[in-house]
Amino acid sequence: GIINTHTGTTNNIPDVTFYTKEIIDNKNTFTDCRLDVTGNVSSNTQVRIIDNDFPDSYVRLYDFASNTNGRLIFNDNSLTGVPAFGSHLTVYECDGMVIGNNVINNGSTTTLTGATSPIGMDLHTLQDAEITKNTIINCERGAELDGTCTGTLFTCNRFRDNYYGIYLDNPYMSDQGS
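Presented here is an overview of the structure given in this document. Every value quoted in this text rests on a predicted model; they were computed, and no experiment measured them. (Residues numbered from 1 in each chain as written. Predicted model: local features only at pLDDT ≥ 70, side-chain atom pairs only at ≥ 80, totals over all residues. Heavy atoms only, no water.)

1. Comments concerning the environment of tyrosine 172
Formally: Think of it this way: any DSSP run of H or I at least four residues long counts as a helix, any run of E at least two long counts as a strand, and we number them from the N terminus. With a 1.4 Å probe rolled over the protein chains alone, any residue whose accessible area is under 20% of its type maximum counts as buried; one over 50% counts as exposed, and the rest are partly exposed.
Relative to the elements of secondary structure, tyrosine 172 occurs in strand β21 (residues 172–173). A relative accessible area of 56% means that tyrosine 172 is categorised as exposed. Distance from tyrosine 172 to glycine 151, taken between C-alpha atoms, is 9.9 Å for residues 21 residues apart in sequence.

2. What about the packing of aromatic side chains?
The condition that has to hold: By convention, a stacked pair of Phe, Tyr or Trp rings (six-membered ring in the case of Trp) has centres within 6.5 Å and planes under 30 degrees apart, an edge-to-face pair has planes over 60 apart, and any other such pair is tilted. Whether a charge lies above a ring is judged from NZ of Lys or CZ of Arg, which has to be within 6 Å of the ring centre and within 35 degrees of the ring normal.
Throughout the structure, instances matching the rule amount to four aromatic pairs. With a centroid separation of 5.1 Å and 10 degrees between ring planes, the pair formed by phenylalanine 30 and phenylalanine 54 is classed as stacked. Taken together, the residues span a long stretch of sequence, with phenylalanine 30 in the loop between β3 (28–29) and β4 (34–38) and phenylalanine 54 in strand β6 (residues 52–55) at a distance of 24 residues. Geometrically, the ring pair formed by tyrosine 163 and tyrosine 164 is edge-to-face, given 4.9 Å between the ring centres and 90 degrees between the ring planes. Here the aromatic cluster, defined as three or more aromatic residues joined through ring pairs, consists of Phe30, Phe54 and Phe74. The ring of tyrosine 167 carries arginine 141 above its face, with NZ or CZ at 3.8 Å from the centroid.

3. Regarding unusual backbone geometry
Despite not being glycine, glutamate 93 shows a phi value in the positive range, around 50 degrees. By the secondary structure assignment, glutamate 93 is in the loop between β10 (87–92) and β11 (98–100).

4. Here we look at the pattern of salt bridges
Two side chains that carry opposite charge are able to pair once their charged atoms sit near each other. Test applied: Note on definitions: salt bridges are taken to be side-chain nitrogens of Lys or Arg within 4 Å of carboxyl oxygens of Asp or Glu.
In this structure the tally under the stated criterion is five salt bridges. A salt bridge links arginine 60 to aspartate 36; the shortest N-O distance between them is 3.0 Å. One end of the pair, arginine 60, is in strand β7 (residues 58–62); the other, aspartate 36, is in strand β4, and 24 residues separate them in sequence. Put simply, arginine 160 and aspartate 161 hold a salt bridge, and the shortest N to O gap is 3.8 Å. Residue classification places arginine 160 among the partly exposed residues on the basis of a relative accessible area of 35%.

Next comes the structure, spelled out in structure tokens:
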């Protein structure tokens, strides 16, 4: 990963980027673990989680409010296998974030159902977010939404062999196009 510090920010909180810059085949790999990213950061902080492999792992992003200068970006990652915590990617209250070009594959050859089957993306109270060009395969629920999700837009996502493509658990959402 790369850490850049901005001395003008409150508490000198760094921008954080997890990716390998120059060698395309040399990605970070987080195996059988949990990656937590939480907010409460300055308005200029950028958190970019880009081009990583997460086999049998769980990623949780929470309480990160994006604004004009700061944003949470989760792009070009691969989440495969069976996560330990019931979903591959869980997001709580990360308004304005981008989730794009990720591949989430449970790895099973059959569609799973039941309480122990993983969720691809578990999204809670996610406003003004962009969820685009993701591929989600063989999960009980490709994406599950609940809470206030106004302004969040799903575009060009591919849901294949999931029991539910998108599962809406009583969310408050904006129109998804005209």
